[in-house]
Amino acid sequence: MSDVTVRGGQEVHGVGRIEGPIMIVEGGTGVSYDEVVEIKDARGKLRRGRVLEVGEGFAVVQVFAGSTGLSIDGTSVRFLGTTLHIPVAEEMLGRIFDGLGTPIDGGPEPLTDRYADVNGQPINPTARIYPRDYIQTGISTIDGVNTLLRGQKLPLFSGAGMPHDQLAAQIVRQATLGKEAGAPATEGEEFAIVFAAMGVKNDVADYFRRSFTESGALTRVAMFLNLADDPPVERIVTPRAALTLAEYLAYERDMHVLVVLTDMTNYGEALRQISNVRGEVPSRKGYPGYLYSDLASMYERTGRIRTSKGSITQIPILTMPNDDITHPMPDLTGYITEGQIVLGRELNFAGIYPPVTVLPSLSRLMKDGIGKGRTRDDHPRWGAQLYAAYARTQDVRALASVIGEEELSEVDQKYLKFGRAFEREFVNQSFTENRSIERTLEIGWKLLSILPKKELTRVNLDEIEKYYQGDDATN
Amino acid sequence: MSEEVGKITWISGPVVRARGSRHVGMLELVEVGEDHLVGEVIGLKGDQMTIQVYEETAGMQTGAPIYGTGLPLSVELGPGLIQSIYDGVQRPLPLIEEAMGSFINRGARFDPISREKKWKYTPKVKVGDEVTGGAILGVAMETDTFEHRVMLNPDDSGTITWVAEAGEYTVNDPIAKLKMGKEEKTVTMLQRWPVRRARPFVNRRGANIPLITGQRILDTFFPVAKGGAAGIPGPFGSGKTVTQHSIAKWADAEVIVYIGCGERGNEMTEVLQEFPHLIDPRSGRPLMERTVLIANTSNMPVAAREASIYTGITIAEYYRDMGYHVALMADSTSRWAEALREVSGRLEEMPAEEGYPAYLAGRLAEFYERAGYVNNLNGSQGSVSIVGAVSPPGGDFSEPVTQHTKRFIRCFWALDKSLASARHFPAINWLDSYSEYVGDVADWWQEKVGKDWLGMRNRAMELLSEESRLSQIVKLVGPDALPFTERMVLETTRLIREGILQQNATEAVDAYSSIEKQIGLLELVLYFHDRGMAIVKRGAPISLIHDLPVVDAIIRAKSTVPNEELSKLDDIRKQVDEQMGQLDAEYRS
């Protein structure tokens, strides 16, 4: 994070062209790429913008608040000579800001002399610590089979009308640093939550605010809100502003920071809108060719570094347009993040909460945070076995829908039984239920015991001996 | 060394335009702005040049100077590459961390290869020797066991007039002098090579030795030859990176170049933290002692991502020239293609498919053609094998990068989302994958293990494709409608899938399978099939075979039989004999 250097300050009166949120300013010299500008309209009101492109004697400026009311002659633009910075301070916890980091809760500007560039800088891979500490969320489908680690980025892929907000709130409320089964949790580590809303409805932001209040965490939360009726262009900055504060808290104040970004799909739309106005060559579905790099510049701001005790864990939420996981936003997100939790409509209709569709869900880092000395020795194989069995259940269901359940072999019928029990007892839990990892493992073994021992090829024989509770007497 | 050649007139992301000298060369390395950021000239028009910048351009102004270097973008080659980790333009990341902290700041300049470190050097030439390009002048010990063969630059040749005595030298110390025509040239262990120019060799040899990776589905079913090129396409979460890591760990190459191109930072950290502790089963040394890492993660500047592939392949070719087998992993080539697209878009070039530039196929071909098993200029033989990951959007293999890649590789490992969802790893789909090297490497297998690998492999493939046909029927009418002989096929293919194709990269015994173990498992499963089929044909119900305890033993053999104790496979074969023998006797009458 570099410190501010203030130079520039030149002012240009009148602009050349205005198109949507983009303005072409002519006549400036020595304008720098990506610098911030202050725009004064004919009535003297100020708004901010950012330079997207500079050429000889012209600059392309993106106006955060939109260009409504700006005129060609009545507008003056002052180049501030620095890239966009926001103040960062521990006191920002418990406060609410707009999408650009300006307080909107009626309180004063944060008192600090630390300003940080919202673009951040890439973490040197040699400076990272590979994540290994698992976070117990109390949710079986996450702790058991898609374990979240400190310093991981694990998005929720959801759809309109599904309870992703509840799930995210539940994770935030219940997350504790998991210890080996039975060991006491550590005390005294400071945590913080940074919440960024992009283009979501006011109700959603309000829901999170209430949820933080109820769990008593509100004083540890900084909220950056760009709601549905706020200027879309600001959305480009909102997650970056939030992550800039998160980086400060994690890497300079040694806090464990959980960042919730919702809804990244709206962010993508804002980016596409600007790209379109600029006439860039689109790639898939009109999104710009640099969407991957752009998303990565935010998601990669997660992790742990060797010089600090803190960490940043990211939970971005995406609503998949038309529930399509191959849509560019979830698709490119999945390529960058370390796994994904996918919510499914069928389970949601069946009244199962959280409706986590286990098969397409994944935590890439899980293997490094579980098992002996971390959760329990059998955990990795137990997880693979649950996955394999549930995948087989899907095949059996397909078969049953053709030939009827009665025609299935005895083993296949057991798989059907397993599948039903898995969804009702393992996936399903209440919004307030906080399951320990032992409890999750126990439920899993109970369900696996529905199947004959012979089917359990992913776990080893000792584990079957120790945990299998069925009445299968073969071998 | 660098003079001002122009001034910036336009900036958009990683692309800048400048006006000035007409003497700047195409693909010349330039320094941009007062911070001397690294850039490369990618277009010239009159006095206007277009430059791609390998570092973040935020804050740069029009009117800022451009400095020419007169050199193309090059890498430094010499002892010290191994165990290094570089960014896409060969800047050493550990030194950047030391100087700038945990975050990568721009404008950092460090020598890729240490100028201070001394290497134990032994000359291999004497005064009066006539040497030509590529000749081995001496060896430096790059690790305790790795011999770095110091070669003459491929473009030089002449008579040796002076040779340094055996001793410890830095890469800047002279190790020989050479009379080239009228002038005398001092040679050091360090040379520079332009990354976009393939290093020369005499000719290509046939690629008929497999690159053994210890991964059963690869070695046994879809082998890649040393000097060959393979592609791994797959949607996210299907295990591209895990497969790449497994190959980097276990492949029987002497040098591994691993390029993390536009991928996750944590993955590179994982390699960095894991490899020094893993032991190479062949050399007994830490895996890091044969590895060069190039890390240009997704949030690092996009133009450097484009360069990272070339930086990596040039280093790989350099070790090939010494006579080593080198395996190069590129994860992921799609991110590299996207970098091309991004720069192309900023240049407002006419796009071809999905916004990619029309020269995408040409660039991919250039890259994959740098793989090969060759006779080197110095008479040795070496190879570069390329394993490129492809990340098709939405897992759709019809997209341009996958399609063009397929044209230039001969080995295709198709990853499958549904296998990954069922936690069948490696999630390589055996029906969609292919290897054109199968016939080429058959003799090698015959010679090494003395068994008919090709015959067994093809039988197993036949059974698997039969399974796919049968499972269509099962989906419609259920398994009970099939005759027992066909259900026997399904029993066997289950053993192939779970006992051979599935392999657990995190389990000690299973992570690496020797070729003897691979062929042993395959033989065992086929033996089970033959015995079972004979019994079923005599009318025994399939359930009796299904319920044999040995079935479980065969599936678990991959993790219960270590590579060093293959006699345990014979024990399982005896169990097959005993249990099948009983059934056989019952149904013979």
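Residues numbered from 1 in each chain as written. Chains lettered and ligands numbered in written order. Predicted model: local features only at pLDDT ≥ 70, side-chain atom pairs only at ≥ 80, totals over all residues. Heavy atoms only, no water.

K.L.:
Teacher, can you tell me more about the overall build of chain B here?
P.N.:
When helices and strands are tallied, chain B shows 17 helices and 26 strands. Whereas a compact globule of 589 residues would reach a radius of gyration of roughly 25 Å, chain B reaches 27 Å, a difference of no more than 12%. Oriented by its inertia axes, the alpha-carbon framework of chain B measures out at about 95 × 55 × 40 Å. The 589 residues of chain B split such that 63% are buried. Within chain B, contacts between residues at least 6 apart in sequence are counted, and of these 70% link residues at least 24 apart. Element-wise, carbon and sulfur atoms account for 50% of the exposed surface of chain B, whose accessible area totals about 21000 Å². Each charge class in chain B was averaged separately, 64 positive and 80 negative side chains, and the resulting centres sit 2 Å apart. (Helix = DSSP H or I, 4+ residues; strand = E, 2+ residues; numbered from the N terminus. Rg over C-alpha atoms; globule rule 2.2 N^0.38 Å. Buried < 20%, exposed > 50% of the residue type's maximum accessible area, 1.4 Å probe, protein only. Contact = heavy atoms within 4.5 Å. Areas by Shrake-Rupley, 256 points an atom, 1.4 Å probe, with all protein chains shown as cover. Lys, Arg positive; Asp, Glu negative; His and termini not counted. Charge placed at Lys NZ, Arg CZ, Asp CG, Glu CD.)

K.L.:
So what exactly am I meant to see when it comes to the sheet that holds strand 10 (residues 130-131) of chain B here?
P.N.:
Across a sheet, paired strands are connected by hydrogen bonds in the backbone, their directions being either parallel or antiparallel. Residues and elements named next belong to chain B. Strand order in the open sheet made by the four strands is 10-13-15-16, with antiparallel pairing throughout. Edge positions in the sheet fall to strand 10 and strand 16 (183-187), since each of these pairs with one other strand and no more. Taken together, the four bridges between strand 13 (residues 158-163) and strand 15 (residues 176-180) define a ladder with antiparallel strand orientation. Of the residues in strand 15, the one forming a bridge with Thr159 is Lys179. (Pairing = 2+ DSSP bridges.)

K.L.:
What is the right way to read the pairing of strand 24 (residues 381-390) of chain B from this model?
P.N.:
Sheet faces and side chains relate simply in a regular strand, where the side chains alternate between the two faces. Residue and element names in this part refer to chain B. Strand 24 sits mainly inside the fold: nine of its ten residues count as buried. Two strands pair when backbone bridges link them, and strand 19 (residues 229-233) and strand 24 are joined in this way by five bridges, in the parallel orientation. Bridge assignment links Ile232 to a residue of strand 24, and that residue is Ala389. Pairing analysis gives four bridges linking strand 23 (residues 372-375) to strand 24, with the strands arranged antiparallel. Considered in strand 24, the bridge of Asn375 is made with Gln381. Where strand 23 folds back on strand 24, the antiparallel hairpin that results is connected by five residues, among which Gly379 adopts a positive phi of roughly 90°.

K.L.:
For this particular structure, what's the right way to read the confidence of the model for chain A?
P.N.:
Note that predicted coordinates carrying low pLDDT should not be read in detail. Residue and element names in this part refer to chain A. Averaged over every residue, the pLDDT of chain A is 90; the share at 70 or more is 95%. Strand 15 (residues 176-177) is the least confidently modelled element of chain A, averaging 75 in pLDDT, while strand 14 (residues 156-158) averages 97, the highest of any element. Here residues 1-7 is modelled with pLDDT under 50, and outside its nearest four sequence neighbours on either side it reaches 23 contacts, counting other chains as well. For the stretch residues 180-185, pLDDT sits under 50, and the model shows ten contacts to residues farther than four places along the chain or on other chains. (pLDDT = per-residue confidence, 0-100.)

K.L.:
In this structure, what is going on with the side chain of Ser158(A)? I would like to understand it.
P.N.:
All names here are of chain A. In this fold, Ser158 is placed in strand 14. On the accessibility criterion, Ser158 (0% relative accessible area) is buried. A distance of 2.6 Å separates polar atoms of two side chains, one belonging to Ser158 and the other to His164. Excluding residues within four positions of it along the chain, Ser158 makes contact with His164, Leu318, Thr319, Met320 and Leu343. (Polar contact = N/O pair within 3.5 Å; in protein donor to acceptor, adjacent residues only side chain to side chain.)

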